[in-house]
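Analysis of the macromolecular model
Single-letter residue listing:
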Amino acid sequence: MAQPKVILQLYPMLPAKDRAERERRRPLARDTELYHRVLHDWLDIVKAADALGVWGISTIEHHLHSEGYEVGPNPGVLNAWWAAHVKRARIGALGYVMAAQDPIRVAEETAILDHITKGRFFCGVARGYQSRWTNILGQFTESVAAVSSDLGGKDDVRNREIFEERMGMLLKCWTEDAVEVKGSYYQIPYPHGTGVKGYPAWRSARDAGAPGEIGADGSVRRISVVPKPYQKPYPPVFQAVSASADSIKFAARHGFRPVYFTKLEKMEEFSRLYVREANQAGLPFRHGERQVVCRWIHVAESEKEYNEKLRRYDLDIYQNFYVPFFPQFPSETAGLDWIQNIKDSGIFLGGTLERLTEDWVKTYARVPAEYITLIWHYAQCPKEEVIRELEVFMKKVLPHLEAPEPSDVTAGGVG
């Protein structure tokens, strides 16, 4: 058995005293001085996490959050910046929303990041559940967000089809010298039937480019995406999941690492489905291997202090952002104990060190996940608090947990 690999995941929540102040200062995310401070203080957390021995440090791709929630529009830029400041930790994102991304650009950007970090890069991908921006940025293929309330519906199916097609493209771009695609939503070349005609330097591409790029008539018939990744065959791939069994099956068949934004019961169910599906695909994964449990945590001296941390750091985004998106959280607010509801959500763990350790040990008795993703609502939660609580987890909680040794399998990228 091995110790779980910890990933610190942050996507700044610009701080406000309470919801009323957030409304008074709207749109908070366009406060230049505030974002500038939060961005640069974030680097202090990255450096501290690296020194504490985390496996990875990541952020998110979310756009247009003018309220100041989850401000994370360009993970690649942040990863490149952090790469100059970390010595051991891997960097990445959880992750690129492929339904709203051009897969060629993702392949190029992530390959460069893999080289910048000398192989300490991991690539996270997601389907995209926020229509506010996924529908807009994905309009070139009429892609729309996949929402929990529409599983199996027309929009959900279309989003899945686009996601899976582009993931296949991403793998081809990383691994093949000359790529051709005739998909339902993307063609290489375009138009596929004729190829790209009239390319002036076709002779040079034919004679010095990748074999097959240029057809007999001088048209562009394939493309070669450069550079190729530093890692072989490509960086580790993580896939954000929440409610869809089809997402688990897709991740399992490809060896992608599912990141569970779910309660433990659902994670246990899906983790066993993952093993069955992977084994059927010839991948000898064991229970817990390549699984990623995602939790928001706090360490407190008492239950009262834990309640206060939840109120100050988490209540605003939970009540006004998470609850509207996810049907597993309540929508009726009359008489609701919101702090208790956060605790009952299954995605927050906290309290005293003893309570936090006990909860994690119970989690690992059911799903011994190879990876742990920890999230704080920085900078609503100050950087000093994030660093202190991360240190407590790494030094006093993590030693109590055991995960399976990873199999020597290259599917889904290297270990």
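Below, the structure is looked at part by part.

The rules behind these values
Residues numbered from 1 in each chain as written. Predicted model: local features only at pLDDT ≥ 70, side-chain atom pairs only at ≥ 80, totals over all residues. Heavy atoms only, no water. Buried < 20%, exposed > 50% of the residue type's maximum accessible area, 1.4 Å probe, protein only. Helix = DSSP H or I, 4+ residues; strand = E, 2+ residues; numbered from the N terminus. Contact = heavy atoms within 4.5 Å. Polar contact = N/O pair within 3.5 Å; in protein donor to acceptor, adjacent residues only side chain to side chain. Pairing = 2+ DSSP bridges. Phe/Tyr/Trp six-rings, centres within 6.5 Å; stacked < 30°, edge-to-face > 60°.

1. Description of helix H8 (residues 245-254)
- Looking only at H8, the buried set comprises Ser 247, Ile 248, Phe 250, Ala 251 and Ala 252.
- Of the surrounding secondary structure, the elements contacted by the buried residues of H8 are helix H6 (154-175), strand E7 (237-241), strand E8 (257-260) and helix H9 (264-280).
- Among the residues of H8, the N-terminal cap falls to Ser 244, whose side-chain oxygen and the backbone nitrogen of Asp 246 are separated by 3.3 Å.
- At the C-terminal side of H8, Gly 255 shows a positive phi close to 75°.

2. Considerations on the pairing of strand E1 (residues 5-9)
- Of all 5 residues making up E1, 5 are buried, and the element is well covered by its neighbours.
- Every second residue of E1 is oriented toward a common face, with Lys 5, Ile 7 and Gln 9 on one face and Val 6 and Leu 8 on the other, all of them buried.
- Pairing geometry for E1 and strand E11 (residues 371-375), over 5 bridges, is parallel. Residue pairing across strands places Ile 7 opposite Thr 373, the latter belonging to E11.
- In this sheet, strand E2 (residues 56-59) lies alongside E1 in parallel orientation, the contact comprising 3 bridges. Residue pairing for E2: Ile 7 is matched across the bridge by Gly 56.

3. Regarding the packing of aromatic side chains
- Scanning all chains against the criterion turns up 22 aromatic pairs.
- Aromatic pair Trp 296 and Tyr 322: ring centres 6.0 Å apart, planes at 65°, arrangement edge-to-face. Remark: Tyr 322 occurs in helix H10 (residues 303-325) and Trp 296 occurs in strand E9 (residues 292-299); sequence separation between them is 26 residues.
- Overall, Trp 296 belongs to the buried group, its relative accessible area being 5%.
- Here the aromatic rings of Trp 360 and Tyr 364 are separated by 6.4 Å at their centres, their planes lie at 45°, and the arrangement is tilted. Of this pair, Trp 360 and Tyr 364 both sit in helix H12 (residues 353-366), 4 residues apart, which is roughly one turn of the helix.
- Look at Trp 360 and you get buried, because its relative accessible area is 0%.

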